[in-house]
Every structure is written in C-alpha cells, then in structure tokens.
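# Chain and residue survey
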Amino acid sequence: MEVAQIAQLLSETLSPNSNVVRAASEALERLSVWPDFPFSLLSIAAGGENQGQKVAAATYLKNFTRRSINDDGTLSSKVSKEFKDQLMRALLQVEPAVLKVLVEAFRVIVAAEFVKQDSWPELVPDLRSAIQNSNLISNNADCQWKTINALTVLHALLRPFQYFLNPKVAKESVSPQLELIAKEVLVPLLSLFHHLVEKALATHDRTEMEMEKILLTVCKCIYFAVRSHMPSTLAPVLPSLCRDLIAILGSLSFDCAVNMEDGYLVRLKTGKRSLLIFCAFISRHRKHSDKLMPDIINCVLNILKYSRNISELDFLSDRVVSLAFDVISHIMETGPGWRLVSPHFTFLLDTAIFPALVMNEKDSAEWEEDADEYIRKNLPSDLEEISGWREDLFTARKSAINLLGVISMSKGPPVGTSSSGSSASSKRKKGEKDKRYGQRRFMGELFVLPFLSKFPIPSDANASQTRILNDYYGVLMAYGGLQDFLREQEPGYITSLVCTRVLPLYKMSVCLPYLVASANWVLGELAPCLPEEMSADVYSSLLKALAMPDKEDTSCYPVRVSAAGAIAKLLENDYAPPEWLPLLEVVIGRISNRDEESSILCQLLSSIVEAGDENVAFHIPYIVSSLVGAISKLIPANPEPWSQVVEQGFAALAVMAQSWENFMPEELEQNELSEKWASGRATVGRAFSALLQQAWLSPVHQLDQEGEASPPPSCIEDASTLLLSVMLSVTGSNVLLELKVSELLLVWADLIADWHAWEETEDLSVFNCIKEVVNLHSKYGLENFLVRRMPSPPAPPVPERSIIEGIGVFVSEAILQYPSATWRACSMVHLLLHVPSYSSETDGVKQSLAIAFSRGAFSRFREIRSKPCSLWKPLLLAISSCYLCYPHVVEGILEKGEGGGCAIWASALGFLLTSSCQYGLSATSEIKLIVMALSLVVERLLGLGNSSGGLLHDCFISLLEASVRLKEVLEEKEGDEDDGEAENDDNDDDDDDDEIEDYDEESEPEEHEETEEEFLDRYAKAAAALENGTVIEEGDEEDQDHETELGALEEVDQRRVVLSLIEKYHHVLIQGQALSLQVISRFLNAYPECSLYFQQSR
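Summarised in this report is the structure supplied together with it.

Analysis parameters
Residues numbered from 1 in each chain as written. Predicted model: local features only at pLDDT ≥ 70, side-chain atom pairs only at ≥ 80, totals over all residues. Heavy atoms only, no water. Helix = DSSP H or I, 4+ residues; strand = E, 2+ residues; numbered from the N terminus. Buried < 20%, exposed > 50% of the residue type's maximum accessible area, 1.4 Å probe, protein only. Contact = heavy atoms within 4.5 Å. Areas by Shrake-Rupley, 256 points an atom, 1.4 Å probe, with all protein chains shown as cover. Phe/Tyr/Trp six-rings, centres within 6.5 Å; stacked < 30°, edge-to-face > 60°. Core = buried A, V, L, I, M, F, W, Y, C linked by side-chain atoms within 4.5 Å. 1 Å grid on protein atoms, 1.4 Å probe; cavity = no way out; pocket = protein on both sides within 12 Å on 5 of 7 lines; lining within 4 Å. Points joined across faces, edges and corners; volume = space filled by probe spheres on them. Nonpolar A, V, L, I, M, F, W, Y, C, P; charged D, E, K, R; others polar. Axes fitted to C-alpha atoms, helices over the stretch in contact; angles between N-to-C directions. Parallel < 35°, antiparallel > 145°, perpendicular 65-115°, else oblique. Left-handed = near helix turned anticlockwise from the far one by under 90°. Patch = residues over 30% accessible without salt bridge, like charges linked within 9 Å, V, L, I, M, F, W, Y side chains within 5 Å. Salt bridge = Lys/Arg side-chain N within 4 Å of Asp/Glu carboxyl O. Lys, Arg positive; Asp, Glu negative; His and termini not counted. Charge placed at Lys NZ, Arg CZ, Asp CG, Glu CD.

## Details of the overall build of the protein chain
When you go through the protein chain residue by residue, the secondary structure sums to 50 helices and two strands. Here the protein chain, with 1098 residues, has 51% of them falling under the buried criterion. Across the protein chain, contacts joining residues at least 24 apart in sequence account for 75% of those joining residues at least 6 apart. As presented, the protein chain carries roughly 51700 Å² of accessible surface, and 49% of it is formed by carbon and sulfur atoms.

Written out as structure tokens, the structure is:
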C-alpha cells in the first residue's frame, strides 16, 4: 500500500469542499481493511508533510483503534508487537499537537491489553528506559526522545488506575500492573522529581516552561496512582514527596502584581494538583498521611491567608485557595483533626474564612454582567439545572462555607462548672446535677456564632456604610453553611437567630438587593430546621422578595430567583405557607418571556402544586387559565423546538392536570360541589385544548400548503397528560367537536409513533392516554380512529395513518426496544385488539396491528428466553391475544423467525402454569386468555392432523391445568368478596380504637445506617449481576398488577369452550394420549360433568 496515497487522502479530508471530504473518507474506509493500514497512518503521523496532515493521520488512527473495541472492552484483533513498538517510538518523538491526539489511540490499546488482559509485558520496562534516556533526563540535547512526551505516555498509562477497576469486588486490592508501574517507574521518577523541584525553585524571578510542564505531568501521574490505591513501593517515599509538593506550594504567589507568564500559570496548575494529592492522601490513605498532617496544615495555612485578596485573584488562583480550604476540611474529618486544627481556629475564621465570604467588587460586577453565573456560584438551589461537574463552580467561597460548617459541627473539650457550681451541685439530689457538666459542646455555639454576632445587622440608620453591608453579606453566607449545626439546636435557638439576624432585612425602607438575595438563600438552606410558628413571617418575606421589581441601577433578578429556590426548599421540607393563593398569583404573574427566570418560576409552580395537594386543587381552574395564557404567547409560530420556558410551562401544567384529576372530594355527591367540580373540569379541558391546538394544529395548518409538516416533538409526555385531561372533560359529542379532540389525537398519534426519547416513568402518561382514547372511542365513536379519510385534492389519494395505527407503531416499538415499558405496552395490545369494534372494512387495520404486535413480542421473547424472568408473562400473553385474532397469520410469524416458534411459545405458556414459575399467573383475565389460546392451539393442531405429536399432548395437559386454575381463582375471588363484606361490618366500630392502639404500640423502626462494608458488598453483588446478565429492566411493580383488558373476549364462556373441545375430540385427546392421573383427577374435581369422557383413562 502506498503511504503517499493515504497521505494525499488525509490531506483531502481537510478540504473545505464537502464532496472532496466525503470521497476521501470513503476511500480511506476501503483502504482500512488492509493489514498495513495502521502502520501507514502511524508513519504519516510521525513524519507527514505538515502538521495538518499529521494530526489528521493521528485522528484517523485514534478512531480506527476505537472502532476495533468489542463490547467487553477487548480488541477485535490482537495488536502486533511490531505496531506497539512503532507506536511507542512515534509517541516519544511527535510534536505536542500530534501527541495530544495520538496518545488517545495509545490509551485505547493500554486499556484493552495492559489493564484488562495484562498482555503487554514489555510496556513498563520500555517506558522506564524511554524516560531515563529522554533528552532532559539524559542531558542529551540531540536525543529524539522527548522527556515531556515520555511522561505524557506514563500519564496515559496510569489514567485507568485512578479508579477501582473491578466493581464486583467489595474491597479491591492494588492491581499488579499498578504495583509494577510504581516500582519500576514512579519510585525512580520521584527521586528525579526532587532534583527537578530544587532546580525549578532555584530561579525565583522566572520560570522555565518545559521544566514546569514536566513537574505538572509528574504530579498528575502521582495523583492517578494514589487517588484510589496506595502501591506498596510508593508508601515509603511519601514524606519526601510531600516535602517537594509543599515546596512547590510555598513558591506560589497570590500577589496580583506578579506577572502571570505562561510558565507561572503551569506552576499554579502544579500547585492545584499538589493539593488534590493531599486530599487523596488524607481521605483515602490515613495510615500513611497522619504523620504528614502538621506540615500539610502549615503549608495550606500560608495559602489561606491570601483569601483576603479573593476579589483580585484569577480563576486558577481562586481554585488553589478553594482546595486549600478543602484540605483543612478533610483533615477536620479525621481522628487527629481537632487536635491539629483547633489551635488555628481563630486565624482561620479571622484571616481566611470570613474574608472569603465578605462581598467584594467581583461579586457586584458579576451580579450585573452575568447574573446567572452569580446565582450558580453564590445562591445555588435545586431549581438550577447544572449538568456534570463544573470546576468553575468550586470557588474559594464555597469551600470556605463548607469548612465553616465542618468547624461548627466539631466538638471541643468537655465543659465543666466552677468550684462554686460544684459545691452547689453537691447539695442537690442524685440525678439533678447540671446536665451540661462534662458535655462536649459544638464549636458553632462556642466559637462560630459568637464571632458572627460581632457584626451589626444593617438598618436604615447604617445602610449607607459599605463596610457594614459587605461584612453582613459574609455573615449571611456563613449562616447558610451552618445548617447541620443549627439542626442540632432547639427550635427557639433558630427562631431567635432568624428573627433577629435575617428577617429584619426584609423590613428596611432601603432596598438592599445583594443582602436580600443572600437572606433568601439562607432561609432555603435552613428549611429543614425552621420552626412552624415562623411560617407566616418567613413566607411574607419571601413573597416580598419574589415580587421585587428591578431598580433603576440594579437588577433584582437574583433576588427573585433565590426567593423561588428558597420557597421550593421550604415546600420540599413540608414547610407550608399559611395561604396558597397569594403565592400562586405572584408566581404566575411574573412568568413572561424572560427565559431563565420564567423557567425557574414554572418549576416552582410545579413544586407548589405537588406540595399543596388539595389546598391548591381548588385554585387550579383559575391558575391553569392564567398560565395557559402566558405560555401561549411564547409558543413559536413555526414548527421549531420550544424554548425552556415553554417546556417547563407544559411540565407545570401536567402537574396541575394530575393534581386536578386526583382531587375528587368525598363530598362530591353534594350538588353544589359536584357542579363546581364539573365546571372546573370543563374550564381546565378547554384551556388545555386551546393550548394544544396552538402548539400542534397551527404549525400544521401553516405548512400544509408547502407539503409535509409536523409540530416539534417537544414535551410529548407532558402534552399527553394535558390531552388526557381534555378527553376526561368530554361529556358529549358536542364537546368532542368543540375541543377538536379527533384532530388533536391525529397529531398526537403521529408524534408518539416517531418518538424515541424514552424514559422509565415519563411514558406512563402516554399509556394512560391510549386507554382513554379507546374508552372515548367506545363511548362516542372518534373520527379517524380506525381508518383515516382520504386527503382532499390536490393531495394524492393515499390514506394517511389513523389514530390507532399511530398508537400501534408506538406500542410495537415499546415492546421491541424498551424493557422498562414492556408491561405497559403489552397491556395495550389486549386493549387495542379486543376493546374496539372492528367491522369487515376495518379488519385489515386490526390484522396489521396483530402482525406488528406479535412480531415485536416474539422477537423480544427470543432475546430473553434463555432464563425465565417476569417479562415472559406480558410478552407471551400479548402473543396469545394476537393468536386469538389471527391464528394462521401469527403462526406464520412465529415459524418464520425460528423453526418451531409455535412450539416455543406454547411450551412457554405451559411453563407459566407450573409451580416452578415464580412469575406465574394470578389475574383472572390472564388465565382466561391462556385457556382460550391453548384451546385454539389444540383445535388447530387437531385440524392439521397433528394428533400424535408431543406438542398436542403438552398443550392439552396445560389446557386442563389452566382450566382448573381458572375455576380456583374465580372461587377464591368470590370467597374474598364475601369475607371482605363481613369484615367491614365487624370492624367499623373498632377502627378508631385500633388506630389509637396501633399508634401507641407501634413505634417507627430505627433507620439502619448502612456501613461502608455493607455498601461496598451490596454494590459488588449488583455489579456481578449486571455482568452476568441476570438483571433486566422490568418496569415498576405496579405495572404488573393491572387486570388485562379483554374487551369482547370477556363475554366468551371459557368453560363451554373447553368442554365443547373435549366433547368433540375426546376420542383423540383422551384415548390417544398418556395423561397424568393427577391432572385428570384435579380436572374432574373441578368439572365433574366431564367424567364420562375420562372413564377409560382412569
């Protein structure tokens, strides 16, 4: 293969012409099957014509290597030693831009061969040799092996070992590979690291970029090596390593006058990594780090004194200070933590923690320039959606607040009494001594709160003094970090604190937005421990903040958002407002086109409705109309994805719809309440219908003239909840037409047919909607439900998908693709096939549904049939429903995919009836369905002349057992109903007494706190089950308890079907088969009228 040809194609992939790129990519794909293709890529990456070509070759090699990975993480074909040697040589020589990409290919091979299979024995020795002989280590300027490249390879090699590698093991030991790397490479490297640190720190006024990069890379390697494990050979050199890291941290400068050249920025990154290593030592390797803690503490205290300059620090310096706080927090959580840190408490609070909390110029600038970022950093709440771990949110202020919380929860030495107190207490009776004597009290009480109380609360008299305002901002931040400590105090303690130090801020005549926003956040943080008697004052203050308008020179957006977050936390902790309607009105009144704020208010509205329950349900018709009006103005006219406000608005409306449907007072029999509820339901239905028409029908009408059109597939699950509410409000055919239900259902059916954004629970509203659609059609006869009328000219006369056909696509896809929805989807199969009335003209629709359902169900069953599980039952019953409708068609489908498909299905049905099946049949409808299906199977086998096969014998035995089981279940059901009525009569008079006795006698069981060993053991077992494939998503248990809807099949007399079958074919079924006497005896006990046919078999 010509390397030049591949190089040319790689250059063409960089062309701005898409056609050229596509042709080159296709040509490379064809060439990739050749054995020497990866060697050519490697050659070009190391020695191409230009950097673009080299990076392209490295990128293609990376992707080519990734594509060769199997599902179990191994490579599809073993990588040759020759290629690995060439890859290593290339990695040691290439320029940084190429190295960054090429090392990703190396990581793939390392993970597959070295980490998983331990099959690259020469890797570690070769890497050690490469480091020793690299240019800076060997002091050979002509050496082509670059030290930084070799260390980058080591970094990539160690990356997988930063985590535990075998989740099936509760306590994982250090892997042999990591021990080997530590012994052969890391330990020798650390002695060299010491000399490099001395050399780097010897030049005080400048930094050498290459040297700084080496120090940073070595620190990254060490961090990966010790983050989870401690290699045995590394432990003895930890003291020396810590001294070097402390020296690096001591060289950092947080003086803003320092010129932040590139080399010094790398030094800051090295310092950050050093602090991460300290955190790992302290939290993961206590026995190795205890003796090192005093030196570590002194080191980080020298850093923390610079927190007074926090407003002037750049992001990286701020992160270093943040990690220094975190190191102290980790130490405080260890055994010797109190003894080591407590002497420094005064210094920490005065010089480090509080200065980090005080408001500064950076805060006010960020408030105005990027309010959302300010909120995320300083006023976080559950209403803020932050995806992933964002390092820029780990600020020095947050770490300082966390450390303050840790200090406040620590306990000092036992507190004694004075000598006079001892004398007085000695005169008391036994058991009446001072309870505080000898107790260890929280430092929050002894130290933190007294310190904070020194700062006066702002008032109208001192509101113009900036220092007082800034300091009190820090006080409020501190209060927000004391939640755990305050939770341990008496309610009166918290009441006094909030009433004297927080709530007065809301009553000032001068508006202080920065402080009010922080006060909102504090109230939210203290939500779990606020006394109920403060509810009125707390909510009136937060409502005032939630409605605060912007000032001329200051935005109050953070005030409103923090108030919303605080209210949500209060509701989450069952802290209810005295009145709900004012809160609802303020929230809805502020929902507008400001995307972020309105989105948060919609989330708050959902929380209010969920928490308020019946207290809010009375107001739902009113607030629904208001919210629909606000959202309708924000829905785009064109079919484009909806904004976040619209999506959150639909979510809030869905919560309201569910709350309204769940709210049906027992007093509904009273005419006044009944009429009021019916009127409210009609109002809700009309509002939702109008909103869905605007969302779904308007875009379609606008684009019909241009061709195919469909509304955006946004909020399907929430929109389905609204559509369900619309259908439930229908009271007659005139309302059906007025609300345009049929038109809405057509669009909805098309949307769900093409919907693939599945979740485990959110699809529940779609299935509920399907049930109501079928119910509505049974009552009023929906237009376009079974067959859709032909489109009007000039459109081609091709019938479009009807409502039930769209639903059928959704259900069959659910059965085939989504295990968590299997139960619900299979229950829809019975509903769609048996409940609607199909005519001869619409029989083709029913048959197409049966084909799709049986094909999907049997395909899914084949995938999981190797081991019985709870999904067997819904899948087999779904196939049975299809079989009862079109036996010959379904037989063809079962036999097509796999020979003997009918026998597999029928045998599995029989297994459901056996005692060895733990997922057996319990519902009457399920057993009825089995009886009818097996009867039809037996009859068709006899009709086809298969009277001597084993399948017929097995199916007939299963039919007899199912018939007996059905009669037993029916008799048990009748007995349970009689017993239930009698028990209700007997127990009515005793209910109140029993409840009181139960309350007195039964105490809440103590919640078992899981230990670390129990946690690790549980997760190890779960990981093993996942790897063995024994865990299958099976949906919620409640999905498995519903009765199967059989529709017209309910009218079938299963007893008559079975008896007529035996009467007609008994000479073949009984006389020609070897039947178990036990089965016959049980059947005849249930059906004695069949004794005549079984006489010769007994």
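## Focus on the packing of aromatic side chains
According to the stated counting rule, one finds 25 aromatic pairs in the structure shown. Look at Phe 106 and Trp 120: their rings are 6.0 Å apart centre to centre, the planes differ by 65°, and that puts the pair in the edge-to-face class. Of this pair, Phe 106 sits in helix 6 (residues 96–115) while Trp 120 sits in the loop between helix 6 and helix 7 (123–132); the two residues are 14 residues apart in sequence, bridging distant segments of the chain. Residue Phe 106 shares its accessibility class with Trp 120, and that shared class is buried. On the numbers, 5.6 Å between centres and 65° between planes, the contact of Trp 872 with Phe 911 is edge-to-face.

## Topic: the nonpolar core
Grouped together as the largest cluster of nonpolar side chains are 370 residues, with contacts concentrated most on Phe 106, Leu 154, Phe 650, Trp 748, Ile 770 and Val 811. Among all residues touching Leu 154, those that are not within four sequence positions of it are Leu 127, Ile 131, Ile 181, Val 185, Leu 186, Leu 189 and Cys 221.

## Details of the environment of Asn 768
If you trace the backbone, Asn 768 turns up in helix 38 (residues 764–780). Overall, the relative accessible area of 30% leaves Asn 768 in the partly exposed class. Residues Asn 768 and Met 828 lie 60 residues apart in sequence; the distance between their C-alpha atoms is 9.7 Å.

## Details of empty space enclosed by the protein
Within the structure shown, the criterion is met by one cavity of 30 Å³ or more. When its volume is computed, the largest cavity comes out at roughly 60 Å³. If you go around the largest cavity, the residues you meet are Leu 379, Pro 380, Ser 381, Asn 520, Trp 521, Gly 524, Glu 525, Val 561, Ser 562, Gly 565, Ala 566 and Lys 569. Top contributing element to the lining of the largest cavity by residue count: helix 28 (residues 557–572), with five residues. Its residues assigned to classes, the lining of the largest cavity comprises five nonpolar, five polar and two charged.

## Description of the packing of helix 15 (residues 315–332) against helix 20 (residues 396–409)
In the contact formed by helix 15 and helix 20, the axes pass within 8 Å of each other and the chain directions differ by 15°. On the basis of their axis angle, the class for helix 15 and helix 20 is roughly parallel. Crossing geometry of helix 15 relative to helix 20 is assigned as left-handed. On helix 20, the residues touching Asp 318, Val 321, Ser 322, Phe 325, Asp 326, Ile 328, Ser 329 and Met 332 of helix 15 are Ala 396, Ser 399, Ala 400, Asn 402, Leu 403, Val 406 and Ile 407. When its residues are assigned to classes, the contact of helix 15 with helix 20 shows nine nonpolar, four polar and two charged.

## Thoughts on unusual backbone geometry
Backbone geometry at Asp 118 places phi at a positive 50°, although glycine is not the residue there. Note that Asp 118 resides in the loop between helix 6 and helix 7. Phi is positive for Lys 740, close to 55°, though the residue is something other than glycine. Here Lys 740 is to be found in the loop between helix 36 (733–738) and helix 37 (741–753).

## Here's the deal with the layout of surface pockets
In this structure, the second largest pocket encloses a volume near 1100 Å³. For the second largest pocket, the lining is made up of 32 residues, of which Thr 152, His 155, Leu 216, Thr 217 and Lys 220 are closest to its centre. For the lining of the second largest pocket, the secondary structure elements donating two or more residues are helix 6, helix 8 (147–158), helix 10 (209–226) and helix 12 (262–284). Per-element tally for the lining of the second largest pocket: the top contributor is helix 10, with eight residues. A per-class count over the lining of the second largest pocket returns 13 nonpolar, six polar and 13 charged.

## Concerning a negative patch on the surface
Residues Glu 368, Glu 369, Asp 370, Glu 552 and Asp 553 make up a contiguous surface patch of negative charge. Among the secondary structure elements, Glu 368 is positioned in helix 18 (residues 361–369). Classification of Glu 368 as partly exposed rests on a relative accessible area of 40%.

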